[in-house]
Amino acid sequence: AWTKNEFEGFKNKDEFEKEVVRHVETTLARSMFNCDETAAYAAASLAFRDRLVKEWNKTQQRQTFTDTKRVYYLSLEFLMGRAFDNAMLNVGAKSIAKEGLEELGFRIEDIIGQEHDAALGNGGLGRLAACFLDSMASLNFPAWGYGLRYRYGIFKQEIIDGYQVEVPDYWLDFNPWEFPRHDVTVNIQFYGHVRKSQDENGKTIAHWEGGEDVTAVAYDVPIPGYDTPSTNNMRLWSSKAASGEFDFQKFNNGEYESSVADQQRAETISAVLYPNDNLDRGKELRLKQQYFWVAASLYDIVRRFKKTKRAWSEFPDQVAIQLNDTHPTLAIVELQRILIDVEGLEWDEAWNIVTATFGYTNHTVLPEALEKWPVGLVQHLLPRHLQIIYDINLFFLQAVEKKYPGDRDMLSRVSIIEESQTKMVRMAYLAVVGSHKVNGVAELHSDLIQTTIFKDFVTIFGADKFTNVTNGITPRRWLHQANPRLSELIAKKTGGYGFLKDLTLLNKIENFVDDKEFRKEWAEIKYANKVRLANYIKSTMDITVNPEALFDIQVKRIHEYKRQQLNIFGVIYRYLKLKQMSPEERKKQLPRVSIFGGKAAPGYWMAKQIIHLVNNVGAVVNKDPEIGDLLKVIFLEDYNVSKAEIITPASDLSEHISTAGTEASGTSNMKFVLNGGLIIGTCDGANIEITREIGQENIFLFGTLSEDVEDLRHSHNYGQHSVGAGLTEVFNAIQSGTFGDTNDFGAMISAVRDHGDYYLVSDDFQSYIDTQKMVDDEYRNQEGWITKTIRSVARMGFFSSDRCINEYAEGIWNVEPLAV
Ligand code: 26W
């Protein structure tokens, strides 16, 4: 196997130490005598960075020289987490660094812990983009990620008196992983108007004039592949005021305040990540962010293409652009604008290039998450783009009309412009019309989009335009980095670390399912990971949890569709039953630790209520002397990527319990199973494919099926809705004040009991409770449980993001890896 070590790593720990000392003394201008952990982290990462940069340059040169097709992954979110550990792994010199740091008086874990997460994302969509970058580099695909360099990532969550409080996440104080490219800038225009003129042949030319400029500055982040020298680029754009005559004059005239105000207004564009996940709020600044990022990226891509001096018709042979959800959909319009207004191509020729270039991935079917922008806002901000959108729509509707003459209903249903009170641009429809492939992220989800939101488009374009690429996760971070002991055990049994590159090799461990020694080590590793999490809980919350208990974990964004409320109602039910038992009976019960974590969007009141209830239940249960170790309820503050790396390996059971048909895929479900935990879940998203791969005997499925959801919702609205005895008991306990102020949780209860129970909490409650009972029974049989976890891990090969990148490359991008 190739390791970067052979070329660019460190020969030995002395060489590494020398580099660390050099960076401490020169780059940081400090002395080794007052080198604290922060400085050690800084110097050690700079030492690795130096090594990365060399391969990064070589990779970029190789890509330019061979002139192959490149992939551009456009994502408004990249939830990267920490980079140092990953860089050490991929450069292939972590053990050298560990020894070197030890000799300098540091523990490597403490140094790794100094790094601030790069938290430029909300949840699943952003983390998926990060896993994809890792896979694209590891598989040697010439690929770039394009995003925004937010000054503030997702907010830091504090829990104060049981409530979520948001604290800004300023993360850029020291970030050795980015390289400002002050020479790579693009001026981006907003507002203004369109003037039309005729050229000498009488052709109408549009001129977008009189707007305001903001400058985009590139910041590049190296993305090292695993076990390959390939190091790709993630380019993040930062906004700053365009320097021109205008502010120069202001400055000259002594109008400092107004000059500074202009500057701040420009910098606002890339200032902060919107913290909504699965909710479209339609804020003007968000649309500005989208256009700013898309226009800068396309300018960059087109500039690179033009250097090759090829004909425009070859653009799609050189460039594949993937749209991570609808957030970058304006890229379709922008490329069309560049081709017709700037480069002078005819509409049809340009449009063929555009559609051949773009692919669109849908990540949600929730109606409140589907992006729509008011026509008036687009007109104001991007007047030329709105004209082009109208033209795209016109030609599209003409084609539809030709195919389905007289079907006016169809025309209004599929129109990119929604003819409502406030006219809206439907971004998902624009993305479908402007791409050659549209994919969902798990089988069920891809079926659903083809039969619901995009049904008419399947009729119009044919089923071939639509496809599925089931999500995946990178085993480098989510197995090897998060769970080094498990990775090592697997390596021992499968003949090396090849499984980190071909995850299907995991199937070899099934041969050891009856091997006593292997099972013992397997169980010890899980226990050690639980102890690590227990210690973390102790040190951060001062709550003692018993690592022998069943660890039941639900960590993800807080959302009604993900149904943390179902989980906490179940926990309350368990508590009530324990309280009703005699002491003798109680002694026979299985101890459980229920762990929650996740952020609520700041404006999502109901999600915040759920967090509050979990905390209040914890406050009562955790200090109930009758209960002791039998039940503990933990809300982990500020769930993020680096905390996920501690939490995921420590689960016995994780919860993926969304209302069927609402969770597009889920990816943490994959991470938990890969780390030797079992799932309690609904038949939703990738849970279904996980079941197919690992076997239904190894997963605890319950609840309504997606095909029955609509009828059930309908029946609720016709009043045939009763919540059942168990849930009533839970509601009564809440309303009698067992968990704090009785008024506090009224709305949560009403949503289920009185307002139609949209997420079917009551319908699924009893089967959830019954299934949790089965979990307890199965867990008592530890040997049986261990067998299930070993078999499950062995069968998880399919869920590597390497597999899914290969599917995109072959089925959507038509790109080949670039051999090193
Ligand atoms: C416009 C506001 C907004 C922001 C983010 C709308 C929608 C989003 C994302 C598309 C939401 C999201 O993260 N979706 C998640 O994508 C994951 C990766 O495919 C899936 O695993 C999750 O099931 C899906 O919820």
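Residues numbered from 1 in each chain as written. Predicted model: local features only at pLDDT ≥ 70, side-chain atom pairs only at ≥ 80, totals over all residues. Heavy atoms only, no water.

### Topic: the overall build of the chain
Within the chain, the regular secondary structure consists of 34 helices and 24 strands. Dimensions along the principal axes, computed over C-alpha positions, put the chain at roughly 95 × 75 × 60 Å. When the 820 residues of the chain are sorted by exposure, 61% land in the buried category. Sequence-distant contacts in the chain: of pairs separated by 6 or more residues, those separated by 24 or more amount to 77%. Split by element, the accessible area of the chain, about 31,800 Å² in all, is 50% carbon and sulfur. In the chain, 91 side chains carry a positive charge and 114 a negative one; their mean positions are 2 Å apart. (Helix = DSSP H or I, 4+ residues; strand = E, 2+ residues; numbered from the N terminus. Buried < 20%, exposed > 50% of the residue type's maximum accessible area, 1.4 Å probe, protein only. Contact = heavy atoms within 4.5 Å. Areas by Shrake-Rupley, 256 points an atom, 1.4 Å probe, with all protein chains shown as cover. Lys, Arg positive; Asp, Glu negative; His and termini not counted. Charge placed at Lys NZ, Arg CZ, Asp CG, Glu CD.)

### Observations regarding the sheet that holds strand E7 (residues 179-190)
Read across the open sheet, the nine strands follow the order E7-E10-E11-E4-E1-E12-E13-E17-E18; overall the sheet is mixed. Lying at the two open borders of the sheet, with one neighbouring strand each, are E7 and strand E18 (466-468). Pairwise comparison of adjacent strand axes, ignoring direction, gives a mean angle of 25° for this sheet. As paired strands, strand E1 (residues 70-74) and strand E12 (residues 319-324) are joined by five bridges and run parallel to one another. Residue pairing for E12: Arg 70 is matched across the bridge by Val 319. (Pairing = 2+ DSSP bridges. Axes fitted to C-alpha atoms, helices over the stretch in contact; angles between N-to-C directions.)

### What to know about a negative patch on the surface
Taken together, the side chains of Glu 707, Asp 708, Glu 710 and Asp 711 make up a negatively charged region of the molecular surface. Relative to the assigned elements, Asp 711 resides in helix H29 (residues 706-717). For Asp 711, a relative accessible area of 58% gives the class exposed. (Patch = residues over 30% accessible without salt bridge, like charges linked within 9 Å, V, L, I, M, F, W, Y side chains within 5 Å. Salt bridge = Lys/Arg side-chain N within 4 Å of Asp/Glu carboxyl O.)

### Regarding helix H9 (residues 256-268)
End to end, H9 covers 18 Å across 13 residues, agreeing with the expected 18 Å (1.5 Å per residue, within 8%). Taken residue by residue, H9 has Ser 259, Asp 262 and Ala 266 as its buried positions. Along H9, the residues classed as buried sweep out an arc of 55° about the axis, all on the same side. Opposite the packed face of H9, turned more than 90 degrees from it, sit the exposed residues Glu 257 and Gln 264. (Expected span 1.5 Å × (residues − 1). Arc of directions from axis to C-beta.)

### Some points on the pattern of salt bridges
Within the structure shown, the criterion is met by 64 salt bridges. Where Arg 30 meets Asp 36, a salt bridge forms, and the shortest distance between an N and an O atom there is 3.4 Å. By relative accessible area, which is 32% here, Arg 30 ends up partly exposed. The shortest N-O distance in the salt bridge between Lys 788 and Glu 778 comes to 4.0 Å. Here Lys 788 is found in helix H33 (residues 782-794), whereas its partner Glu 778 is found in helix H32 (residues 761-780), with ten residues between them in sequence. According to the relative accessible area criterion, Glu 778 is partly exposed, its value standing at 28%.

### Description of the packing of helix H7 (residues 124-138) against helix H34 (residues 801-813)
Running from N to C, H7 and H34 cross one another at 80°; their axes reach a closest spacing of 9 Å. What the angle tells us is that H7 and H34 run roughly perpendicular. In this structure, H7 uses Cys 131, Phe 132, Ser 135 and Met 136 to contact H34, whose residues at the interface are Ser 801, Asp 802, Cys 804, Ile 805, Tyr 808 and Trp 813. Residue composition of the contact of H7 with H34, grouped by class: seven nonpolar, two polar and one charged. (Parallel < 35°, antiparallel > 145°, perpendicular 65-115°, else oblique. Nonpolar A, V, L, I, M, F, W, Y, C, P; charged D, E, K, R; others polar.)

### Some remarks on the domain arrangement of the chain
Looking at the chain, the domain boundaries give domain 1 (67-82 + 117-143 + 276-471 + 806-813) and domain 2 (475-709 + 765-799). Relative placement of domain 1 and domain 2: their C-alpha centres are 35 Å apart. The partner domain 2 presents 28 residues to the 31 residues of domain 1 that form the contact. Overall, the association of domain 1 and domain 2 removes approximately 2,200 Å² of surface from exposure, summing both partners, and the carbon and sulfur fraction of that is 52%. Of all residues in domain 1, Arg 127, Leu 444 and Asn 471 give up the largest surface area on contact with domain 2, accounting jointly for 23% of the area buried on that side. Counting the contacts that link domain 1 with domain 2 gives two salt bridges. Among the secondary structure elements, those contributing two or more residues to the side of domain 1 that touches domain 2 are strand E2 (78-81), H7 and helix H18 (443-451). The greatest single-element share of the side of domain 1 that touches domain 2, amounting to six residues, is contributed by H7. Partitioned by chemical class, the residues of the side of domain 1 that touches domain 2 number ten nonpolar, twelve polar and nine charged. (Domains from an automatic or database assignment. Buried area = accessible area lost by both parts, 1.4 Å probe.)

### So, the packing of helix H23 (residues 564-580) against H32
Interaxial distance between H23 and H32 falls to 10 Å at its minimum, and their mutual angle equals 60°. With respect to their mutual orientation, H23 and H32 come out oblique. With respect to the hand of their crossing, H23 and H32 are arranged in right-handed fashion. Contact with H23, carried on its side by Gln 565, Leu 566, Asn 567, Phe 569, Gly 570, Tyr 573 and Arg 574, involves Val 761, Phe 765, Tyr 768, Ile 769, Gln 772 and Asp 776 of H32 and no other residues of that element. (Left-handed = near helix turned anticlockwise from the far one by under 90°.)

### Here's the deal with the site of the ligand
Close to the ligand lie 21 residues; His 363, Asn 471, Glu 663, Ser 665 and Gly 666 are nearest. Within the contact set of the ligand, an oxygen atom lies 2.7 Å away from a side-chain nitrogen or oxygen of Glu 663. The fraction of the free accessible surface of the ligand (570 Å²) that becomes covered by protein chains is 97%. No other element matches H7, which puts three residues into the shell around the ligand. Its residues placed into classes, the shell around the ligand shows seven nonpolar, eight polar and six charged. For the shell around the ligand, the two domains that each supply at least three residues are domain 1 (67-82 + 117-143 + 276-471 + 806-813) and domain 2 (475-709 + 765-799). (Near = heavy atom within 4 Å. Polar contact = N/O pair within 3.5 Å; in protein donor to acceptor, adjacent residues only side chain to side chain.)

### What about the packing of aromatic side chains?
Per the counting criterion, the structure on display carries 40 aromatic pairs. Positioned above the aromatic ring of Tyr 219, the side-chain terminus of Arg 149 is 3.8 Å from the ring centre. In this structure, Lys 599 is placed above the aromatic ring of Phe 155, and the distance from its NZ or CZ to the ring centre is 5.6 Å. (Phe/Tyr/Trp six-rings, centres within 6.5 Å; stacked < 30°, edge-to-face > 60°. Lys NZ or Arg CZ within 6 Å of the ring centre and 35° of its normal.)

### Considering the environment of Lys 437
The topology assignment puts Lys 437 in strand E17 (residues 437-440). Through-space distance from the C-alpha of Lys 437 to that of Gly 811 is 8.8 Å; in sequence the pair is 374 residues apart. Every residue in contact with Lys 437, bar those within four places of it in the chain, is listed here: Phe 358, Gly 359, Tyr 360, Asp 464, Lys 465, Thr 467, Gly 811 and Ile 812. A distance of 2.7 Å separates a polar side-chain atom of Lys 437 from the backbone oxygen of Asp 464.

### Details of the sheet that holds strand E21 (residues 631-636)
Read from one edge of the open sheet, six strands run E21-E20-E19-E22-E23-E24, paired in parallel fashion. Only two strands of the sheet have a single neighbouring strand rather than two, namely E21 and strand E24 (700-701). One ladder, built from two bridges, connects strand E19 (residues 550-555) with strand E22 (residues 653-656); its direction is parallel. Paired with Ile 553 across the bridge in E22 is Ser 654.

### Digging into helix H21 (residues 484-494)
Along H21, the positions that sit buried rather than exposed are Leu 486, Ser 487, Leu 489, Ile 490, Ala 491 and Thr 494. Turning to H21, the residues buried within the fold contact helix H20 (475-481), helix H22 (516-541), helix H27 (668-674) and H33.

### Side note on the nonpolar core
Residues Phe 16, Met 136, Phe 190, Trp 237, Val 425, Phe 454 and Trp 813 are the most contacted members of the largest nonpolar core, which totals 203 residues. No other element matches helix H10 (residues 284-307), which puts eleven residues into this core. When residues are assigned to domains, this core turns out to be shared by domain 1 (67-82 + 117-143 + 276-471 + 806-813) and domain 2 (475-709 + 765-799), each giving three or more. Leave out the neighbours within four places in its chain, and Phe 16 touches Phe 10, Ala 44, Ala 47, Phe 48, Ile 96, Ala 97, Gly 100 and Leu 101. If you look at the next biggest cluster of nonpolar residues, it comprises 55 residues, including Leu 631, Ile 749, Val 752 and Tyr 768. (Core = buried A, V, L, I, M, F, W, Y, C linked by side-chain atoms within 4.5 Å.)

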